[in-house]
Number of protein chains: 2
Amino acid sequence: MTRAPAVSSALARRLAAALGPAHVIADPAELRVYACDGITHGRTTPALVALPGSTEEVVEVVNAAREAGVPLVPRGAGTGLSGGARPSPGSIVVSLARMRRILELDLENGWARVEPGVINLDVSRAVAAAGWYYAPDPSSQGVCSIGGNVAENSGGAHCLKYGFTTNHVLAARVVLSDGSVVDLGGPAADAPGYDLLAAMVGSEGLLGIATEATLRLLRKPEVTRTFFATFPSTDEAGAAVSGIIAAGILPAAIEMMDRLAIVAAKAATGLDWPDVGAALLMDADGCRAEVEHVAARAIEITRAAGALEIRVPRDEAERQLMWKGRKSAFAAVGRISPNYLVEDGVIPRSEIARVLREIERMAAEAGLRVANVFHAGDGNLHPLVLYDARNPGEEARAAALGGEILRLCIRSGGSITGEHGVGAEKAAYMAEQFAPEDLETMQRVRCAFDGAALMNPGKVFPTPRLCGERPGPYRPHPAEVAGLAERW
Amino acid sequence: MTRAPAVSSALARRLAAALGPAHVIADPAELRVYACDGITHGRTTPALVALPGSTEEVVEVVNAAREAGVPLVPRGAGTGLSGGARPSPGSIVVSLARMRRILELDLENGWARVEPGVINLDVSRAVAAAGWYYAPDPSSQGVCSIGGNVAENSGGAHCLKYGFTTNHVLAARVVLSDGSVVDLGGPAADAPGYDLLAAMVGSEGLLGIATEATLRLLRKPEVTRTFFATFPSTDEAGAAVSGIIAAGILPAAIEMMDRLAIVAAKAATGLDWPDVGAALLMDADGCRAEVEHVAARAIEITRAAGALEIRVPRDEAERQLMWKGRKSAFAAVGRISPNYLVEDGVIPRSEIARVLREIERMAAEAGLRVANVFHAGDGNLHPLVLYDARNPGEEARAAALGGEILRLCIRSGGSITGEHGVGAEKAAYMAEQFAPEDLETMQRVRCAFDGAALMNPGKVFPTPRLCGERPGPYRPHPAEVAGLAERW
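Residues numbered from 1 in each chain as written. Chains lettered and ligands numbered in written order. Predicted model: local features only at pLDDT ≥ 70, side-chain atom pairs only at ≥ 80, totals over all residues. Heavy atoms only, no water.

Caption draft 1: Quick peek at the overall build of chain A. A count of helical and extended segments in chain A gives 17 helices and 20 strands. Since a compact globule built from 488 residues should have a radius of gyration of about 23 Å, the 24 Å found for chain A is in line with a globular shape. Here the analysis covers contacts within chain A between residues at least 6 apart in sequence; of these, 71% occur between residues at least 24 apart. When the accessible area of chain A is evaluated, it comes to approximately 17,500 Å², of which 53% is carbon and sulfur surface. Looking at charge distribution, chain A has the averaged site of its 48 positive side-chain charges lying 3 Å from that of its 57 negative ones. (Helix = DSSP H or I, 4+ residues; strand = E, 2+ residues; numbered from the N terminus. Rg over C-alpha atoms; globule rule 2.2 N^0.38 Å. Contact = heavy atoms within 4.5 Å. Areas by Shrake-Rupley, 256 points an atom, 1.4 Å probe, with all protein chains shown as cover. Lys, Arg positive; Asp, Glu negative; His and termini not counted. Charge placed at Lys NZ, Arg CZ, Asp CG, Glu CD.)

Caption draft 2: Spotlight on the pairing of strand S4 (residues 92–95) of chain B. Residues and elements named next belong to chain B. Side chains Ile92 and Val94 project from S4 onto one buried face, and the interleaved Val93 and Ser95 project onto a second face that is buried too. Bridge count between strand S2 (residues 48–50) and S4: 3 bridges; the pairing is parallel. Its bridge partner being in S4, Val49 is matched across the sheet by Val93. Direction of pairing for strand S3 (residues 72–75) relative to S4: parallel, over a ladder of 4 bridges. Bridging from a neighbouring strand, Arg75 pairs with Ser95 of S4. (Buried < 20%, exposed > 50% of the residue type's maximum accessible area, 1.4 Å probe, protein only. Pairing = 2+ DSSP bridges.)

Caption draft 3: Looking closely at the domain arrangement of chain A. All names here are of chain A. By the assigned domains, chain A splits into domain 1 (9–95), domain 2 (102–219), domain 3 (222–333) and domain 4 (337–463). When each unit is reduced to the centre of its C-alpha atoms, the spacing between domain 1 and domain 4 is 27 Å. Of all residues in domain 1, Leu72, Leu81 and Ser82 bury the most surface against domain 4, accounting for 41% of the area lost on that side. Here domain 1 and domain 4 share 1 salt bridge between them. A salt bridge links Glu425 to Arg86; the nearest nitrogen and oxygen atoms lie 2.8 Å apart. For the interface between domain 1 and domain 4, the tally reads 10 residue pairs in polar contact (both at pLDDT 80 or more). By residue number, the principal contributor to the side of domain 1 that touches domain 4 is strand S3 (residues 72–75), which donates 3 residues. Counted by class, the side of domain 1 that touches domain 4 contains 8 nonpolar, 6 polar and 2 charged residues. (Domains from an automatic or database assignment. Buried area = accessible area lost by both parts, 1.4 Å probe. Salt bridge = Lys/Arg side-chain N within 4 Å of Asp/Glu carboxyl O. Polar contact = N/O pair within 3.5 Å; in protein donor to acceptor, adjacent residues only side chain to side chain. Nonpolar A, V, L, I, M, F, W, Y, C, P; charged D, E, K, R; others polar.)

Caption draft 4: Highlighting the nonpolar core. Formed by 78 residues in total, the largest nonpolar core has its most connected members in A:Ile146, B:Ile146 and B:Phe449. Residues contacting A:Ile146, with those up to four places away along its chain left out, are A:Val114, A:Glu115, A:Pro116, A:Val118, A:Asn120, A:Val123, A:Tyr134, A:Ala213 and A:Leu215. In terms of nonpolar packing, the next biggest core, distinct from the first, is built from 46 residues, A:Ala298, A:Ile310, A:Ile359 and A:Ala376 among them. (Core = buried A, V, L, I, M, F, W, Y, C linked by side-chain atoms within 4.5 Å.)

Caption draft 5: How the structure looks around unusual backbone geometry. Residues and elements named next belong to chain A. In this structure, Glu204 takes a positive phi of about 60° despite not being glycine. Here Glu204 shows up in the loop between helix H7 (196–200) and strand S10 (209–216). Here Glu204 falls in the buried class, since its relative accessible area comes to 7%.

Caption draft 6: Region of the structure containing the state of the cysteines. Applying the stated rule across the entire model yields 2 disulfides over all chains. The disulfide that involves A:Cys447 links it to A:Cys467, with 2.1 Å between the sulfurs. Taking the sign of the torsion about the S-S bond as the criterion, the disulfide between A:Cys447 and A:Cys467, at about -90°, is left-handed. With A:Cys447 in helix H16 (residues 436–449) and A:Cys467 in the loop between H16 and helix H17 (478–487), the pair connects residues that are 20 residues apart, well separated along the chain. Assessed through its relative accessible area of 3%, A:Cys447 is described here as buried. With no disulfide of its own, A:Cys144 lies 11 Å from the sulfur of A:Cys159, the closest cysteine sulfur. Here A:Cys144 falls in the buried class, since its relative accessible area comes to 3%. The thiol sulfur of B:Cys287 is not disulfide-bonded, and the nearest other cysteine sulfur, from A:Cys287, lies at 7.1 Å. For B:Cys287, a relative accessible area of 11% translates into the label buried. (Disulfide = S-S within 2.5 Å.)

Caption draft 7: Fine view of the relation of the copies chain A and chain B. Overlaying chain A on chain B yields an RMSD of 0.0 Å, the required transformation being a rotation through 180° with an accompanying axial translation of 0.1 Å. Both copies of the chain, as the preceding transformation shows, are related through a two-fold rotation axis. Scanning chain A for the C-alpha nearest the rotation axis identifies A:Glu290, at a separation of 2.1 Å. Mapped onto chain B, 99% of the interface residues of chain A again fall at the interface, so both copies present the same surface. (Least-squares fit on C-alpha atoms with pLDDT ≥ 70 in both.)

Caption draft 8: How the structure looks around the packing of aromatic side chains. In this structure the tally under the stated criterion is 6 aromatic pairs over all chains. Ring geometry for A:Tyr194 versus B:Phe461: centroids 5.9 Å apart, planes at 65°, classification edge-to-face. Of this pair, A:Tyr194 sits in the loop between strand S9 (181–185) and H7 while B:Phe461 is found in the loop between helix H16 (436–449) and helix H17 (478–487), placing the two residues in two different chains. The same class applies to A:Tyr194 as to B:Phe461, namely buried. For the pair B:Tyr133 and B:Tyr162, a centre-to-centre distance of 6.3 Å together with 85° between the ring planes defines the contact as edge-to-face. With B:Tyr133 in strand S7 (residues 132–133) and B:Tyr162 in helix H6 (residues 159–162), this residue pair connects regions lying 29 residues apart in the sequence. In terms of burial, B:Tyr133 and B:Tyr162 fall into one category: buried. If you follow A:Arg446 out to its NZ or CZ, it ends over the ring of A:Phe461, 5.6 Å from the centre. (Phe/Tyr/Trp six-rings, centres within 6.5 Å; stacked < 30°, edge-to-face > 60°. Lys NZ or Arg CZ within 6 Å of the ring centre and 35° of its normal.)

Caption draft 9: Layout of the sheet that holds S9(A). Residues and elements named next belong to chain A. Ordered in space as S5-S6-S10-S8-S9, the 5 strands form an open sheet in which the pairing is antiparallel. Of all the strands in the sheet, just strand S5 (102–106) and S9 have a single pairing partner and so form its edges. Within this sheet the neighbouring strands show an average axis-to-axis angle of 15°, counted without direction. Here strand S8 (residues 169–175) pairs with S9 via 5 bridges, running antiparallel. Paired with Ala171 across the strands is Gly185, a residue of S9. Sheet contacts for helix H4 (residues 120–127): S5, strand S6 (111–114) and S10; angle to S5, the most-contacted strand, approximately 45°. (Axes fitted to C-alpha atoms, helices over the stretch in contact; angles between N-to-C directions.)

Here it is, written out as structure tokens:
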């Protein structure tokens, strides 16, 4: 890739005039802070960082960048796990961190309108006293922001029952690459027109920059019942998950950890979990009568599937500790390995046990270890490939194994990302996941929103391509144009 | 609108060769059957009807029409209530009625892959013995087809708890206007790439023709509890709905009827419902313990809100009769009025009582009667404007009142359609619902899929426009193009 034109000082001055000098970063040392997101390799220092404080200021930034022909990279809290906010060379990073106001709460109709920089957990905190919460719960929910959640269509442990971010965004105000401001969706059910809101959620910063989101709020469930179960291997744990779902039970969350993930979580938290082949952590929530019934039945099925031990927390503090073990498992892996890759693939729930065995076989063949800690209920695997970057060639071997795991997910009828997005990291696999016609259809939509490819270029699509370059069948046949002229 | 060029006999011959002569209708008498859908005014006889039997045959029809510059109008079962399948002059209707196979059932992972001509209720029938069903339930579910449901993003009484069609379509195979075949979505959770499946569902035949849909199946709930409650007026009924939802209860369905709708339903079904100002019909479903608890609490709230009487059906037969009364209410209105218009607007749930009072006032002012029978839980009104077409000027007055009701929905923070679509009937109101920038964004996407506007032209968009005619800001600035060339 050749380098973009350096951002001129004229552009920096224009932005400083529009946003105020304090909200444009041009100092090389400060810029390095923005060189990566949660994926720390491939760091690229941007040319500038702009911190707009309002929709109007985002429009100013977009117009200035477009007129100068400089690409934009939108950025939330920078916790993403696919390199989606990694700057492209010569780009302007648009940080939404200053836009962190909760603009409106309507509890009668159950929604909150917020700016993109609001932290996920702060939405729930703002309405907790009234008995409401915001459902999508990435493990990073204490630090990640709503704008990033919208861009990545973030999930979390409780998305099994409650759905992903896309199921909880009712409307969004979005700045497009031409500087226009559009409102997609609305708080009422099923808005007319194309469902472009759904296309915008999860579009990873390529279609526009959300400057407001209207979020569906839910009533807090009356009770939550949790249990932790251990198994000789992931085979029995997988059978328990299948059995619970097949019985018509929809847990609020059902998470699986394998031996290596359990070892890591124990090392990090001091939990007294036993050394076993696999563990499940399940939440059931709802009204008391329902939950007691469901939890009892799920425990019965888990026991029949071959559980070694089933622990029910004595109180909320013990429950929180169990969840802390699960939620810290990613970071905990750092205790047992100097480096690791986080993968994020999806497979049909019925394939879990087979795919985990296959991953184990592939890891052994590559001479590497893989820890698995994941959302079992919706088949969203998170294999963590452990390696030591100090050993020559080991990083490359880990990356190759990660790629082979993604291919295994595709072959098993699943996909290359469940909730972390494609970003910079997985763009190369899109051509294996999708047929050329499918990618071409996405490309058409990208071009409809951003013909000059200035919004987060180099992400998601496997091959950068100009919007003029359309393959044969897309060009209208002359007869079409003639027929059209006659009709209108 | 000027007429399209007559479909040449060469085109009819090409289609007959591709589909077999029995599957191309050119006889004027037979063509008249296809002149309208559930909206019977504005009939327009198409030039031809093609009945393809496979994805490949749909591609043949699309290619033949495009090369001849003739518009296409996709058609499911023809039960739509917005004129979405009304032929445009000189068009070819593409009926999917022959494609009615259930292609694959995967109950372990909970989905069915079906052709678009499959009748909605037949999906549930195919899996009922195994304890599963397909949730979206338009009142027409015994006759409407999945392809039409996908095109219109159909709802139904139980969509309050279970969501609209868009929440139950996991994947679709779609033929685009250039003849390419694309697969959108997939059976695994949260597919990567833009969520174009959501944009396709509800796109009313303008973006492509679905030839396969993969539908999410649900386990049948263990029990359903139903009650019917009467009230002095819609004020108390509205308060009961708000109270139930505010208590954190999510009914499977909660339907409201006003005095006129009750009178009509009684006349049609012989039900012994009392003459009251309003009635609610509510379903709670789930596991037994939960449902008993929820139903008892909802009844308590309904009584406190001012219910006159609460009836719990003694058995499934009586329950079915109550639902028959509700589901036949539309048609039943024909018993008390020679003609009527079906409107379909959405308002915030908290506005129901106020908006119904306002509709009553507007109807009195226009000298017309309006019956209301609707999905109260999600604020999806169905005002039926009664009139007698034999009285000069009354039809126009009814249409004007219908329009004013839609404007009232927009002003109240709602929208012009909840589940029937925009189609031909409401295209004129889109410019009142949406800002020019919002419509322009939809237009960009339409152009990305169908640059020659051959797919169901004249529907949804208020002003037909060529895809070349883009307003100023969309054209890339020369600097953008220069910047781009330097980057890649």
